[in-house]
Amino acid sequence: MHSWVDGQPAGSVPLKDRGLAYGDGLFETIAVRAGQPVLLDRHLQRLDEGCRRLALVADQSMIRSEVLAYAAALGDGVLKLILTRGDSLRGYGINPGAPVRRILQGSPPASYPPAHGLEGVRLFPCATRLAEQPLLAGLKHLNRLEQVIARAEWQDAEHAEGLMLDMSGRVIEGVFSNLFLVCDGGLLTADLNRCGVAGVMRAEVLAQAQVLGLPVTVADISLEQLRQADEVFVCNSVYGIWPVRGCAAMSWSVGPLTRKLQGIVRALLDI
Ligand SMILES: C=C(O[C@@H]1C=C(C(=O)O)C=C[C@H]1N)C(=O)O
Ligand SMILES: Cc1ncc(COP(=O)(O)O)c(C=O)c1O
């Protein structure tokens with residue numbers, strides 16, 4: 001399907017776009033089923049928070065309308081929404097008059113091997129560490145070089161995702177997913193106030209855990225806590241939940257809490 005730029009079919013953006021020059025913008029990757037964007041409110045909430053923190057002035061109701069119209073035309077697939085701070089010729093200085101640019105791209109449904117969800121995955125232990133930057137932590141901004149470098153660390157099919165630590169060795173997330181541990185019947189996921197992306201699926205899993213009455217802890221996680229977890233899973237907005245069976249010398253069984261949450265998320269994503 002054709003991409004849209006500022007609500008019009010288009011295949012390119014100007015060379016002066018600040019998203020290209022500086023990664024000055026935000027993005028959302030949204031699963032679309034039967035013409036409906038899945039978890040749209042959560043995506044738009046994160047985008048709104050990103051706009052607030054980056055002082056990007058965007059018309060949120062126009063964005064919602066465009067996403068709904070684009071998703072309806074896409075049917076089933078993945079919708080990528082990019083907002084950039086528009087154009088500037090050179091220099092970091094912001095041109096307050098430049099309107100925020102809206103880019104919508106559609107792609108077919110993700111084609112991950114079904115075994116990832118059924119049998120679980122292994123994580124590659126990435127050497128690339130996440131830098132701490134509280135100003136940007138949690139946002140899905142366009143500067144994703146750490147993930148690009150980390151994803152280039154493995155090519156084999158044995159590893160479906162990578163494990164990323166911060167500079168102090170804390171366990172943070174996957175390269176394109178968030179990470180959960182099941183410990184003593186409750187969920188533990190990393191505090192993302194220093195680095196990491198606060199995923200929409202992570203937020204949904206936390207909300208579902210609350211509905212199920214599960215104890216939830218958001219805190220710093222050590223490698224030793226990861227090793228001793230009863231179950232481990234990763235999640236994102238596109239594939240839902242993958243149980244994790246191993247990472248380097250660590251291994252886990254696929255357990256009942258992971259399966260329960262996976263079932264709930266599968267129903268949402270219709271997969
Ligand atoms: C990096 C993108 O999006 C992330 C990656 C995936 C995926 O590959 O499964 C899913 C959702 C996003 N968190 C992208 O370019 O869309
Ligand atoms: C670094 C990182 N963490 C987590 C996620 C998961 O985010 P979401 O659940 O919003 O797809 C992504 C998705 O791109 C990501 O790139």
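Residues numbered from 1 in each chain as written. Chains lettered and ligands numbered in written order. Predicted model: local features only at pLDDT ≥ 70, side-chain atom pairs only at ≥ 80, totals over all residues. Heavy atoms only, no water.

**Looking at the confidence of the model for the protein chain**
As a note on interpretation, predicted positions should not be read in detail where pLDDT is low.
Alright, step 1. When the pLDDT values of the protein chain are averaged, the result is 97; 100% of them are 70 or greater.
Alright, step 2. This prediction of the complex comes with two scores: 0.97 for pTM and 0.95 for ipTM. (pLDDT = per-residue confidence, 0-100.)

**So, the site of ligand 2**
Alright, step 1. Taken together, 14 residues lie around ligand 2, and R46, E173, V200, M201 and S237 are the ones closest in.
Alright, step 2. One of the side-chain N or O atoms of R46 is found 2.9 Å from an oxygen atom in ligand 2.
Alright, step 3. With respect to ligand 2, the backbone of M201 contributes an N or O atom lying 3.0 Å from an oxygen atom.
Alright, step 4. Contact with the protein chains removes 94% of the 390 Å² of surface that ligand 2 exposes when unbound.
Alright, step 5. Partitioned by chemical class, the residues of the shell around ligand 2 number five nonpolar, six polar and three charged. (Near = heavy atom within 4 Å. Polar contact = N/O pair within 3.5 Å; in protein donor to acceptor, adjacent residues only side chain to side chain. Areas by Shrake-Rupley, 256 points an atom, 1.4 Å probe, with all protein chains shown as cover. Nonpolar A, V, L, I, M, F, W, Y, C, P; charged D, E, K, R; others polar.)

**Quick word on the pairing of strand β5 (residues 77-84)**
Alright, step 1. For β5, the tally of buried residues reaches seven of eight residues, placing the bulk of the element in the interior.
Alright, step 2. Of the pairings in the sheet, the one linking strand β3 (residues 25-33) to β5 comprises eight bridges and is antiparallel in character. Residue pairing in the sheet places E28 in a bridge with L81 of β5.
Alright, step 3. Two elements, β5 and strand β6 (residues 101-107), share seven bridges in a ladder whose sense is antiparallel. Note that in β6 the partner of L79 across the bridge is G106. (Buried < 20%, exposed > 50% of the residue type's maximum accessible area, 1.4 Å probe, protein only. Helix = DSSP H or I, 4+ residues; strand = E, 2+ residues; numbered from the N terminus. Pairing = 2+ DSSP bridges.)

**Things to note about the sheet that holds β6**
Alright, step 1. The six strands lie next to each other as β2-β1-β6-β5-β3-β4, forming an open sheet whose pairing is antiparallel. In the strand order of this sheet, the two ends are held by β2 (8-9) and β4 (36-37), each with one partner.
Alright, step 2. Of the strand pairs in this sheet, strand β1 (residues 4-5) and β6 are connected by two bridges, and their pairing is antiparallel. The partner of W4 across the bridge, within β6, is L104.
Alright, step 3. Sitting on the sheet, helix α2 (residues 40-54) touches β3, β4 and β5, and the angle it makes with β3 is about 175 degrees. (Contact = heavy atoms within 4.5 Å. Axes fitted to C-alpha atoms, helices over the stretch in contact; angles between N-to-C directions.)

**Describing the packing of aromatic side chains**
One pair of aromatic rings is described through two measures. These are the centre distance and the angle between the planes.
Alright, step 1. In the structure shown here, the tally under the stated rule is ten aromatic pairs.
Alright, step 2. Pairing Y112 with F176 gives two aromatic rings, centres 6.4 Å apart and planes at 10 degrees, and the pair type is stacked. In this pair, Y112 is assigned in the loop between β6 and α4 (114-118) and F176 in the loop between β9 (171-174) and β10 (178-183), connecting sequence segments 64 residues apart.
Alright, step 3. The class for Y112 is partly exposed, based on a relative accessible area of 38%.
Alright, step 4. Ring centres of Y239 and W242 lie 3.6 Å apart, and the angle between their planes is 10 degrees; on these two criteria the pair is classed as stacked. (Phe/Tyr/Trp six-rings, centres within 6.5 Å; stacked < 30°, edge-to-face > 60°.)

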